[in-house]
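What follows is each chain in one-letter form.
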Amino acid sequence: MDIKEINEKIHRESAFVDLLMMELGKVIVGQKYMTERLMIGMLANGHILLEGVPGLAKTLAIKSLSSAIHAKFSRIQFTPDLLPADLIGTMIYNQKQETFNVRKGPIFANFILADEINRAPAKVQSALLEAMQERQVTIGDNTFKLDDPFLVLATQNPIEQEGTYPLPEAQVDRFMLKIVIGYPTKEEEKLIIRQNISNDFPKTVPIVNVEEITKARGVVREVYMDEKIEKYIVDIVFASRSPQDYNLGSLKQLISYGGSPRASINLALAAKAYAFIKRRGYVIPEDVRAICHDVMRHRVGVTYEAEAENVTSETIINEILNAVEVP
């Protein structure tokens with residue numbers, strides 16, 4: 001398929017993106033960066049981890065997105081006493097029939113909001129993450145396929161660490177994007193105040209169906225990616241593993257581990273989804289750079305030396321992007 005055909009297809013299939021953005025804009029003031037990343041996760045079939053201090057509309061954004069789509073939504077509040085059965089379901093004994101019946105949990109939905117995921121212990125987190133990776137759940141002897149689309153949108157609070165169970169690196173790696181949300185501007189905050197003290201708070205209405213999203217996902221994968229862009233993506237990921245090969249020897253002592261092959265896959269998919277949102281049938285280096293921090297920030301580990309010098313994974317990614325040759 002040539003680029004012209006792909007472009008035409010994208011213009012047809014991406015019409016709902018603007019409608020969805022407008023619908024979210026009714027409720028969410030500002031935060032364009034966050035809503036755009038939510039779209040990318042949805043179109044690239046990748047789970048999202050949202051991090052930000054309380055009150056930045058993380059939960060509201062996810063609830064608004066799911067209510068703007070004709071799809072099933074589940075909200076799970078993660079707490080220290082939550083059990084895996086509360087999440088995936090369990091077997092219940094039926095006295096009349098003298099048999100065990102399966103009772104499905106809230107994970108059987110299209111959109112899962114895992115609120116404050118770091119509040120629950122590791123066994124609950126791993127039950128969710130198995131479902132994220134395998135797209136299936138096993139209860140007793142039965143294995144159930146999860147609905148399509150199946151998207152986990154998890155939130156975590158970075159400031160309060162008492163009574164939390166931080167996600168292990170291997171589990172964080174299953175999230176396609178980690179979005180760090182900042183505070184709104186003064187003008188945006190004025191609008192937020194007005195909106196929240198008025199009598200009628202706006203609500204989103206369903207404007208998109210699941211079939212449209214599934215079709216759009218197919219088109220996203222058709223977006224053309226040149227071999228030079230593939231090499232660029234691989235170079236970025238390899239620079240996080242072996243910085244000395246890219247004249248970044250000073251980073252060697254600061255990186256404890258680099259991006260996994262999932263980083264390369266997700267960077268390519270997210271760049272295609274970004275190009276789709278921008279109505280383009282091909283990926284350019286700017287697409288990769290625009291989405292790179294969200295894909296890589298939770299996949300680059302920093303050493304104690306880096307922490308002592310106040311060097312974050314963000315700083316390391318910036319250094320890598322400045323050093324790796326752009327095609």
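Structure's up top.
Residues numbered from 1 in each chain as written. Predicted model: local features only at pLDDT ≥ 70, side-chain atom pairs only at ≥ 80, totals over all residues. Heavy atoms only, no water.

## Quick word on the overall build of the chain
The number of helices and strands found in the chain is 14 helices and 13 strands. Since a compact globule built from 327 residues should have a radius of gyration of about 20 Å, the 21 Å found for the chain is in line with a globular shape. Reported as C-alpha extents along the three principal axes, the dimensions of the chain are approximately 70 × 45 × 45 Å. Among the 327 residues that make up the chain, the fraction classed as buried is 49%. As displayed, the chain offers around 16,000 Å² of accessible surface, 51% of which is attributable to carbon and sulfur atoms. Each charge class in the chain was averaged separately, 38 positive and 43 negative side chains, and the resulting centres sit 4 Å apart. (Helix = DSSP H or I, 4+ residues; strand = E, 2+ residues; numbered from the N terminus. Rg over C-alpha atoms; globule rule 2.2 N^0.38 Å. Buried < 20%, exposed > 50% of the residue type's maximum accessible area, 1.4 Å probe, protein only. Areas by Shrake-Rupley, 256 points an atom, 1.4 Å probe, with all protein chains shown as cover. Lys, Arg positive; Asp, Glu negative; His and termini not counted. Charge placed at Lys NZ, Arg CZ, Asp CG, Glu CD.)

## Details of the packing of helix H10 (residues 227–241) against helix H12 (residues 285–296)
Think of two packed helices as two axes; the pair is described by the angle between the axes and how far apart they sit. Contact geometry for H10 and H12: axes closest at 11 Å, N-to-C directions at 30°. On the basis of the axis angle, H10 is roughly parallel to H12. H12 is crossed by H10, and the crossing has right-handed handedness. Contact residues: Ile-229, Tyr-232, Ile-233, Ile-236, Val-237 and Ser-240 in H10; Pro-285, Val-288, Arg-289, Cys-292 and Met-296 in H12. For the contact of H10 with H12, the residue count by class is nine nonpolar, one polar and one charged. (Axes fitted to C-alpha atoms, helices over the stretch in contact; angles between N-to-C directions. Parallel < 35°, antiparallel > 145°, perpendicular 65-115°, else oblique. Left-handed = near helix turned anticlockwise from the far one by under 90°. Contact = heavy atoms within 4.5 Å. Nonpolar A, V, L, I, M, F, W, Y, C, P; charged D, E, K, R; others polar.)

## Description of the nonpolar core
Note that soluble globular proteins tend to have their nonpolar side chains buried in a common cluster. Grouped together as the largest cluster of nonpolar side chains are 74 residues, with contacts concentrated most on Phe-16, Leu-20, Met-42, Leu-43, Leu-177, Ile-236 and Val-288. Per-element accounting of this core gives the leading share, eleven residues, to helix H11 (residues 261–277). The contact partners of Leu-177, leaving out residues within four places of it in the chain, are Arg-37, Ile-40, Gly-41, His-47, Ile-48, Leu-49, Ala-270, Ile-291, Asp-294, Val-295 and His-298. Counting 29 residues, the second-largest nonpolar core is a separate cluster that includes Leu-82, Phe-108, Ala-127 and Val-172. (Core = buried A, V, L, I, M, F, W, Y, C linked by side-chain atoms within 4.5 Å.)

## With respect to the sheet that holds strand S6 (residues 111–115)
An order of S3-S6-S9-S1-S10 is seen for the five strands of this open sheet, with the pairing classed as parallel. Each of the sheet's edge strands pairs with one partner strand only, and the pair in question is strand S3 (73–77) and strand S10 (177–180). Averaged over neighbouring strand pairs, the angle between their axes works out to 15° when direction is ignored. Sheet strands touched by helix H4 (residues 58–67): strand S1 (48–51), S3, S6 and strand S9 (151–156). Its angle to S6, the strand with the most contacts, is close to 170°. (Pairing = 2+ DSSP bridges.)

## Some remarks on the packing of helix H2 (residues 15–27) against helix H3 (residues 32–43)
The contact between H2 and H3 brings their axes to 11 Å, and the two run at 135°. Relative to H3, the element H2 lies oblique. Seen from above, H2 lies across H3 with right-handed handedness. Contacts between H2 and H3 involve Phe-16, Val-17, Leu-20, Met-21 and Leu-24 from the former and Thr-35, Glu-36, Met-39, Met-42 and Leu-43 from the latter. Of the residues in the contact of H2 with H3, the class split is eight nonpolar, one polar and one charged.

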